[in-house]
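Secondary and tertiary structure notes
Given next are the chains, with one letter for each unit.
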Amino acid sequence: MYITTTIPYVNARPHLGHALELVQADVLARHHRRRGEPVRFQTGTDDNSLKNVLAAEAEGVPVRELVDRNAAAFEGLRQPLDLSFDAFIRTSSHPAHRAGVERIWRATAHDLYQRHYEGLYCVGCEQFYPEDPCPDGHQAPLQRVSEENWFFRLSRYQDALLELIRDGRLRIEPAARRNEVLAFIEAGLADISISRSAARARGWGIPVPGDPEQVIYVWWDALANYVTALEGGDHDRWWVAERRKVHLVGKGVIRFHAVYWPAMLLSAGEPLPTEIYVHDYLTVDGRKISKSAGNSADPVTLVDAYGVDAVRWWLLRDVPRVGDADFTEARLAGRADEDLANGLGNLVNRVVTMVHRFLDGHVPDAPGERLAEVSPAVHAALEDFDFRRAAAAVWELVEEANRYVERTRPWQQDRAGQEASLGTLVHACRALAVHLEPFLPTAAARVAAAVGGSRLPRPEPLFRRLAGTRT
Ligand SMILES: [Zn+2]
């Protein structure tokens, strides 16, 4: 499975919304690797966005400096968030990206033409609008732009796209997003501008092959990353031969990924992605995430204060598949204390303590009975890109094991009974460590260590309580 996240522009440091998509992709990658499937998990940064240029101007630093600094912050999420990506592509420095974008451009030449274009342009959105102000409410007035641009015959791909999406060869989830895309295409596709003047791009970006006065539109350049990062031997393996190519994207870029990108690929004679999962957005303390949202939107600050398990667990356990989710530090701490400290931590601690008290730390040879079978439910939920349902399915086993302790009361049993019930419970904790790994790799390793071997180590608390912690 080839799993990608979108590549964010890097006008600022990463926020919690970026962490959500990365953690979701990481769970998929770890889950499928564990099933023995070959996986390539790729993320990166959109260095060529005009927003990066504007942020550098506002800060008074060279664009290269700002882009390098912020891109490093995105790549640097790997360690604090326990991410397992295999490749990180930066569009301004990946050795094959520019040549790959040019290759795709040339391959679509039969669908490209020049046309005079006039419109009102928002630099903040990097998009044209019929009238001022832009819907996102950016402060600067829209610029009147009048120039000769390159256009792509998107209109030619209307029927092909409808067929691909309707028959599921291009699967878009959730269904409401698929219907949204179908309705957009059914309303009729107009050709789209895919270049701008080099002057308007401030000289940043990839020039149009054979027309250096024009720069390729940044979204074309950015979308191409899913293929250009594979230029060379990886292209055949991961873009041609791979059966499942999955893009994780936010709802704001659905049109680019589910309409423009597949049309570009059809035009270029390239295979298409097979699945697009569209997630909704996070708000923080009831507000849209922005640069001014402060500490609580900075994933690294949150990990420093609460630990990676608590941050990943909130993103996976509390964010619904459909609908926006509101993040607060109190919710994060509350969820971690309830599930990790009280639910999982208590379970493992009780089991290890009883194994020491009644069995001198020795794990019974017989594995005992098997509690809840969670693998099929986790797999089915992840096939639906329903991370919350998948996390809940793992939690069934925590709850089942805690109920088993209450029901069997090992402290009231004879030696044979204790061996049977504690064997069952150690087995359940070991299974939990395995099932948790895609979600909480760090916690899973701690659980595995706590219940590993034929003689268990002394019990130690696995999770500290987080209520009252503040960034
Ligand atoms: Zn705008």
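Residues numbered from 1 in each chain as written. Predicted model: local features only at pLDDT ≥ 70, side-chain atom pairs only at ≥ 80, totals over all residues. Heavy atoms only, no water.

What follows deals with the packing of helix α5 (residues 158–166) against helix α6 (residues 175–186). Between α5 and α6, the least distance of the axes is 10 Å, while the angle of their chain directions is 160°. In terms of orientation, α5 and α6 fall into the roughly antiparallel class. α6 is crossed by α5, and the crossing has left-handed handedness. The residues of α6 that touch α5, namely those facing Q158, L161, L162, I165 and R166, are R178, V181, L182, I185 and E186. (Axes fitted to C-alpha atoms, helices over the stretch in contact; angles between N-to-C directions. Helix = DSSP H or I, 4+ residues; strand = E, 2+ residues; numbered from the N terminus. Parallel < 35°, antiparallel > 145°, perpendicular 65-115°, else oblique. Left-handed = near helix turned anticlockwise from the far one by under 90°. Contact = heavy atoms within 4.5 Å.)

Time to look at the UniProt feature "domain: Methionyl/Leucyl tRNA synthetase" (unreviewed entry) in the protein. Here the UniProt-annotated "domain: Methionyl/Leucyl tRNA synthetase" (unreviewed entry) positions come out as residues 1–136 and 146–351. Split by type, residues 1–136 is 39% helix and 21% strand. Its first and last C-alpha atoms lie 35 Å apart. (UniProt positions renumbered as here; feature names shortened; annotations may be inferred.)

It is worth spelling out the pairing of strand β13 (residues 275–279) at this point. Across the five residues that make up β13, a large majority, five, are buried. Residues E275, Y277 and H279 line one face of β13 and the alternating positions I276 and V278 line the opposite face, and both faces are buried. Summarising the sheet, strand β12 (residues 245–250) and β13 pair through five bridges and their orientation is parallel. Within β13, the position partnered with L248 by the bridge is Y277. (Buried < 20%, exposed > 50% of the residue type's maximum accessible area, 1.4 Å probe, protein only. Pairing = 2+ DSSP bridges.)

The biggest cluster of nonpolar side chains holds 156 residues, and the ones touching the most others in it are W220 and F439. Counting residues per element, this core draws most heavily on helix α13 (residues 329–359), at 14 residues. Discounting residues that sit within four places of it in the chain, W220 has contacts with V101, I104, W105, T108, F152, I194 and M264. (Core = buried A, V, L, I, M, F, W, Y, C linked by side-chain atoms within 4.5 Å.)

For the rest of this paragraph, the subject is the layout of surface pockets. In this structure, the second largest pocket spans a volume of roughly 160 Å³. If you go around the second largest pocket, you meet 13 residues; those closest to its centre are Y306, G307, D309, R446 and F463. Listing elements by their share of the lining of the second largest pocket, those giving two or more residues are α12 (308–317), α13 and α17 (441–450). Top contributing element to the lining of the second largest pocket by residue count: α12, with three residues. When its residues are assigned to classes, the lining of the second largest pocket shows eight nonpolar, two polar and three charged. (1 Å grid on protein atoms, 1.4 Å probe; cavity = no way out; pocket = protein on both sides within 12 Å on 5 of 7 lines; lining within 4 Å. Points joined across faces, edges and corners; volume = space filled by probe spheres on them. Nonpolar A, V, L, I, M, F, W, Y, C, P; charged D, E, K, R; others polar.)

With that settled, consider the pattern of salt bridges. Pairing is possible between side chains of opposite charge, provided their charged atoms come close. Within the structure shown, the criterion is met by 42 salt bridges. Between R370 and E373 there is a salt bridge, with its nearest N and O atoms 3.3 Å apart. Using a relative accessible area of 60% as the deciding quantity, one classes R370 as exposed. Put simply, R415 and E419 hold a salt bridge, and the shortest N to O gap is 3.3 Å. Taken together, the residues R415 and E419, both in helix α16 (residues 415–436) and four residues apart, mark about one turn of the helix. Taken together, the salt bridges that share partners define one network made up of R171, E173, R244, E275, R321 and E383. (Salt bridge = Lys/Arg side-chain N within 4 Å of Asp/Glu carboxyl O.)

A word on the side chain of R177. When you line up the elements, R177 lands in helix α6. Within the local environment of R177, its side chain forms a polar contact with the side chain of D280, the two groups lying 2.7 Å apart. Excluding residues that lie within four positions of it along the chain, R177 makes contacts with I172, K251, I254, V278 and D280. (Polar contact = N/O pair within 3.5 Å; in protein donor to acceptor, adjacent residues only side chain to side chain.)

Of all six residues making up strand β2 (residues 40–45), six are buried, and the element is well covered by its neighbours. The alternating pattern of β2 places R40, Q42 and G44 and F41, T43 and T45 on opposite faces, both of which are buried. In terms of strand pairing, strand β1 (residues 2–5) meets β2 through three bridges, oriented parallel. Bridge pairing in β2 links Y2 to R40. As for the winding sense of the linkage, the β-α-β connection from β1 through helix α1 (residues 16–34) to β2 is right-handed. Pairing geometry for β2 and strand β3 (residues 87–90), over four bridges, is parallel. Its bridge partner lying in β3, T45 is registered against R90. (Right-handed = clockwise from strand over helix to strand, strands pointing away.)

Here the focus is the sheet that holds strand β6 (residues 143–152). The four strands are arranged β5-β4-β6-β8 in an open sheet whose pairing can be described as antiparallel. Pairing within the sheet leaves two strands with one partner each, and these edge strands are β5 (127–129) and β8 (192–193). Two strands pair when backbone bridges link them, and strand β4 (residues 112–122) and β5 are joined in this way by three bridges, in the antiparallel orientation. By the bridge assignment for β5, C122 is matched with Q127.

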